[in-house]
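One letter stands for each residue in the lines below.
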Amino acid sequence: MFKAVYRAYLRFLLNRYTRELQVLAAQRANDALAEQVLTHEAEQVRARLLML
């Protein structure tokens, strides 16, 4: 009985940690995409300024 409860608890923890890691990975992916977009926009503005 105790072993089954302990196993269920460990699976619960593993699932929770896995979800948290997936959320962190998604946030990092979004941050990387945002950084790429901002870098691209900054390069375009810099190019426009150089053309003036």
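Everything quoted here is computed from the prediction, not taken from an experiment.

Draft legend 1. Structural detail: the overall build of the protein. A tally of regular secondary structure across the protein gives 1 helix and 0 strands. For the protein, the C-alpha radius of gyration of 23 Å lies well beyond 10 Å, the compact-globule estimate for 52 residues. In terms of overall dimensions, the protein has C-alpha extents of about 75 × 5 × 5 Å along its principal axes. Put simply, the protein has 52 residues, and 2% of those count as buried. Carbon and sulfur atoms make up 64% of the accessible area of the protein, which amounts to about 5,200 Å² in all.

Draft legend 2. Up close: the environment of Thr 18. Along the chain, Thr 18 falls in helix 1 (residues 2-51). Residue classification places Thr 18 among the partly exposed residues on the basis of a relative accessible area of 34%. Considered as a pair, Thr 18 and Tyr 6 are 12 residues apart in the sequence and their alpha carbons are 18 Å apart.

Draft legend 3. The packing of aromatic side chains, seen in detail. All chains considered together, the criterion is met by 1 aromatic pair. Geometrically, the ring pair formed by Phe 2 and Tyr 6 is stacked, given 6.2 Å between the ring centres and 10° between the ring planes. Placement of the pair is Phe 2 and Tyr 6 together in helix 1, with a separation of 4 residues, close to one helical turn. In this structure Tyr 6 comes out as partly exposed when scored by relative accessible area, which is 45%.

Draft legend 4. Spotlight on the pattern of salt bridges. For the coordinates displayed, the defined rule picks out 1 salt bridge. Its salt-bridge partner being Arg 16, residue Glu 20 comes within 3.9 Å of it at the nearest N-O pair. Here the residue Glu 20 and the residue Arg 16 both occupy positions in helix 1, the gap between them amounting to 4 residues, near one helical turn. For Arg 16, a relative accessible area of 33% translates into the label partly exposed.

About the thresholds
Residues numbered from 1 in each chain as written. Predicted model: local features only at pLDDT ≥ 70, side-chain atom pairs only at ≥ 80, totals over all residues. Heavy atoms only, no water. Helix = DSSP H or I, 4+ residues; strand = E, 2+ residues; numbered from the N terminus. Rg over C-alpha atoms; globule rule 2.2 N^0.38 Å. Buried < 20%, exposed > 50% of the residue type's maximum accessible area, 1.4 Å probe, protein only. Areas by Shrake-Rupley, 256 points an atom, 1.4 Å probe, with all protein chains shown as cover. Phe/Tyr/Trp six-rings, centres within 6.5 Å; stacked < 30°, edge-to-face > 60°. Salt bridge = Lys/Arg side-chain N within 4 Å of Asp/Glu carboxyl O.

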